[in-house]
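As a plain string of letters, each chain reads:
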Amino acid sequence: MKKINILFVLLILFGCTTEKSNNNNFENTRQSFISSWWKQFPTSATTAGFHDYDAELLAYDKSCREADKAFVNAWLDTLSHLETSKLESNDLTDLALMKGALQSILFYTDTLKAWQWDPSNYNVAGAFADIINAKNLDSLQKRTFIQARIKKVKSYYDAAKANIENPSPEHTQLAIEQSEGVKEYLNSEVLNWVETKADLQEAVAAIDGFSTYLKTILPTAKRDFRIGKELFDIKFKHDIQSEWTAAEVYEKAINRKNELHLEMAKLTKELWTKYMNVEMPKDTLKAISALINKISDKHPHRDSFIQSIEKQIPELQTFVNEKQLLFLDPKKPLKVRRTPSYMDGVAGASISAPGPYDKDAETFYNVSTLEKFSNESAESYLREYNHYILQILNIHEAIPGHYAQLVYSNNSPSIIKSVFGNGAMVEGWAVYTERMMIEAGYGNSEPEMLLMYNKWHLRTVCNTILDYSVHVKGWKKEDAIHLLVNEAFQQQAEAEGKWRRVQLSQVQLCSYFTGYSEIFALREEMKKASSFDLKKFHESFLSFGSAPVKEIKKLMLK
Ligand code: ZN
Ligand code: ZN
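Residues numbered from 1 in each chain as written. Chains lettered and ligands numbered in written order. Predicted model: local features only at pLDDT ≥ 70, side-chain atom pairs only at ≥ 80, totals over all residues. Heavy atoms only, no water.

(A) Focus on the overall build of the protein. In terms of helices and strands, the protein carries 26 helices and three strands. Against the globule reference of 24 Å for 558 residues, the protein gives a C-alpha radius of gyration of 25 Å, in line with a compact fold. The dimensions of the protein, computed from C-alpha atoms along their principal axes, are 70 × 65 × 45 Å. Counting every position in the protein, which comprises 558 residues, the buried fraction comes to 52%. Considering only contacts in the protein between residues 6 or more positions apart, those separated by 24 or more positions represent 78%. Surface accessibility of the protein: about 26000 Å² in total, with carbon and sulfur atoms responsible for 53%. With 68 positive and 72 negative side-chain charges, the protein shows a spacing of 1 Å between the two charge centroids. (Helix = DSSP H or I, 4+ residues; strand = E, 2+ residues; numbered from the N terminus. Rg over C-alpha atoms; globule rule 2.2 N^0.38 Å. Buried < 20%, exposed > 50% of the residue type's maximum accessible area, 1.4 Å probe, protein only. Contact = heavy atoms within 4.5 Å. Areas by Shrake-Rupley, 256 points an atom, 1.4 Å probe, with all protein chains shown as cover. Lys, Arg positive; Asp, Glu negative; His and termini not counted. Charge placed at Lys NZ, Arg CZ, Asp CG, Glu CD.)

(B) Representation of the coordination of the zinc ion (ligand 2) within the structure. Within the first shell, the zinc ion (ligand 2) binds the protein through His396 (NE2), His402 (NE2), Glu427 (OE) and Glu427 (OE), at distances of 2.1 to 2.8 Å. What the four donor atoms of the zinc ion (ligand 2) show is an angle range of 51 to 154 degrees at the metal, which sorts the shape as irregular. Among the residues examined, histidine 396 registers a relative accessible area of 8% and is labelled buried. Overall, histidine 402 belongs to the buried group, its relative accessible area being 10%. (Donors = N, O, S within 2.8 Å, 3.2 Å for Na, K, Ca; no water. Tetrahedral: all angles 85-135°; square planar, octahedral: opposite > 155°, others 65-115°.)

(C) Region of the structure containing the domain arrangement of the protein. Structurally, the protein comprises domain 1 (3–225) and domain 2 (253–449 + 512–557). Domain 1 and domain 2 are separated by 32 Å when their C-alpha centres are compared. Facing 20 residues of domain 1, the contacting portion of domain 2 comprises 17 residues. Here domain 1 and domain 2 share an interface that buries about 1500 Å² over both sides, 73% of which is from carbon and sulfur atoms. (Domains from an automatic or database assignment. Buried area = accessible area lost by both parts, 1.4 Å probe.)

(D) Seen up close, the coordination of the zinc ion (ligand 1). At 2.1 to 2.6 Å from the zinc ion (ligand 1) lie its protein donor atoms, namely His299 (NE2), Glu379 (OE) and Glu379 (OE). One end of the pair, histidine 299, is in the loop between helix H14 (284–295) and helix H15 (305–322); the other, glutamate 379, is in helix H16 (residues 375–384), and 80 residues separate them in sequence.

(E) A look at the environment of threonine 111. Looking at the secondary structure, you find threonine 111 in helix H5 (residues 89–112). Threonine 111 sits in the partly exposed class, given a relative accessible area of 39%. Considering only alpha carbons, one finds threonine 111 and asparagine 386, 275 residues apart in sequence, at a separation of 44 Å. Setting aside residues up to four positions removed in sequence, threonine 111 forms contacts with Leu106, Leu231 and Ile234.

(F) Broad picture of the packing of aromatic side chains. Scanning all chains against the criterion turns up 31 aromatic pairs. For the pair phenylalanine 33 and tryptophan 37, a centre-to-centre distance of 5.6 Å together with 35 degrees between the ring planes defines the contact as tilted. Of this pair, phenylalanine 33 and tryptophan 37 both sit in helix H2 (residues 21–40), four residues apart, which is roughly one turn of that helix. Comparing phenylalanine 33 with tryptophan 37 shows no difference in burial state: the two are buried. Look at tryptophan 37 and phenylalanine 71: their rings are 6.1 Å apart centre to centre, the planes differ by 65 degrees, and that puts the pair in the edge-to-face class. Placement of the pair is tryptophan 37 in helix H2 and phenylalanine 71 in helix H4 (residues 62–80), with a sequence separation of 34 residues. Among the aromatic residues, those joined into a ring-pair cluster are Phe33, Trp37, Phe41, Phe71, Trp75 and Phe420. Of note, arginine 149 hangs over the ring of phenylalanine 128, and the distance from its end group to the ring centre comes to 5.9 Å. (Phe/Tyr/Trp six-rings, centres within 6.5 Å; stacked < 30°, edge-to-face > 60°. Lys NZ or Arg CZ within 6 Å of the ring centre and 35° of its normal.)

(G) Examining the sheet that holds strand E2 (residues 349–352) more closely. With mixed pairing, three strands are arranged side by side in an open sheet as E1-E3-E2. Pairing within the sheet leaves two strands with one partner each, and these edge strands are strand E1 (335–338) and E2. Averaged over all pairs of adjacent strands, the angle between their axes in this sheet comes to 30 degrees, without regard to strand direction. Summarising the sheet, E2 and strand E3 (residues 364–367) pair through four bridges and their orientation is antiparallel. For isoleucine 351, the partnering residue across the bridge sits in E3 and is tyrosine 365. (Pairing = 2+ DSSP bridges. Axes fitted to C-alpha atoms, helices over the stretch in contact; angles between N-to-C directions.)

(H) Up close: the environment of tyrosine 388. Along the chain, the position of tyrosine 388 falls in helix H17 (residues 387–397). Taking the C-alpha atoms as reference, tyrosine 388 lies 43 Å from lysine 113; in sequence the two are 275 residues apart. Residues in contact with tyrosine 388, not counting those within four places in the same chain, are Tyr275, Ile295, Lys298, Glu446, Glu448, Met449 and Met452.

(I) Looking closely at the packing of helix H21 (residues 447–473) against helix H23 (residues 492–504). As a packed pair, H21 and H23 sit with axes 10 Å apart at the nearest point and diverge in direction by 45 degrees. The angle between H21 and H23 falls in the class oblique. Relative to H23, the crossing made by H21 is right-handed. Contacts from Arg459, Asn463, Leu466, Asp467, Val470 and His471 of H21 reach H23 at Glu494, Lys498, Trp499 and Val502. In the contact of H21 with H23, the residues fall into four nonpolar, two polar and four charged. (Parallel < 35°, antiparallel > 145°, perpendicular 65-115°, else oblique. Left-handed = near helix turned anticlockwise from the far one by under 90°. Nonpolar A, V, L, I, M, F, W, Y, C, P; charged D, E, K, R; others polar.)

Take a look at the structure:
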């Protein structure tokens, strides 16, 4: 707590010496909001890299939920009395995010109630790992925090057990599987930090007890994992914060899918004889699928996978600069590296950015090596991330996608946006840049590139269709697999993985397409002005940080 108090005092002192008193008032509100938020939700603080409350592990019982709601209502009241007319755009977007985060707590606590039916909500391993891997704690601090925390694991799981009511079998099964991993993590990694071994044993026994209890209720667990239309609509509103409803976005996704199928059919006709020496099937979807399969033969070698990515980054930079699409800060080049072993679970590529409390750390583009892959799975992976798709992946993850967005959002630093940033805006931007680069002629507008882009984009579109259809329209597994394999041209294994994900999550799969659609629609609307400039549009859009697109829109149209 000490750290926050000192920071707070300093801000007040500086506040007296500058002219913009109103903004400094808001700065006080912002700081006191975030420090009280961490105190109220200590494990979230640990996850965000703010370690003052690492010793806390709250049992999520009735009194805890009541305290959360009282906290939320008090803050909603405070924020509703703020004088907003003189606030700058950066403050207005922060205010929207703060209110959104508060209202979400009420929804999750009182309406969605996943704390009752999703036992996988309860998992202590993540926060222990966050403490152990923290770069801004020394060994003594880690030891002290872990020692205090381990003693609270039992009451945490006691409360969890008491909360469970009519769970879904899928989430119960997941929690049982995860419990094994949690126990293993405590018995291996956490073990080294605990002084009294009896405390560790008690914690492991508590996890065991929870898992055993779940196994006894699993046979009678019958809640549908689908959350249904009513809850899906509200969850969509809270998680995505779009100006559209879930049903409207679903309609847009269906239209986009049909549009993409038409474009792909045209490209397939154009390319067929260049690649295939059999007659084109009458069934258009089958023809597209066969051609995609053939073009996927062109892919990098498994031994030079990282090098192929490394080589593309400067090419993307050059293209963005030459076409005047976005200013890229040359002082902040992206570093490509092999994914470090401790985070190398699934193959792929990801951006690893420093957290809000570790800002000086570097940003990396992590790429998994295929060293441990069998020949067969390496081949399948490389066909998926073939010559064309790999370039689109780099656009999405790096330039001008996630990495470029991150550099811009760090230029308008806001603790609120770092902590409560809008996922649909962040993912939507990355998906939008894929289309924007293709429109600008990336890849020399080769029909092969266009076909592969459409396939990649179709995945985003079908994620939305799948999520909505399963949870709202009651789709079964066959319907889901049919969509993904026959209409989105995915491999069986990928489709099976997506089916698992849609059973365990809700709404998140819609975020990519929703954010993309909102950004695209905003650009098309602004294009109507004669003074429209694409580069300026991108730079202005990104200057607001990771706020919901509808909030950015209000400010840009002002
Ligand atoms: Zn091959
Ligand atoms: Zn992404």
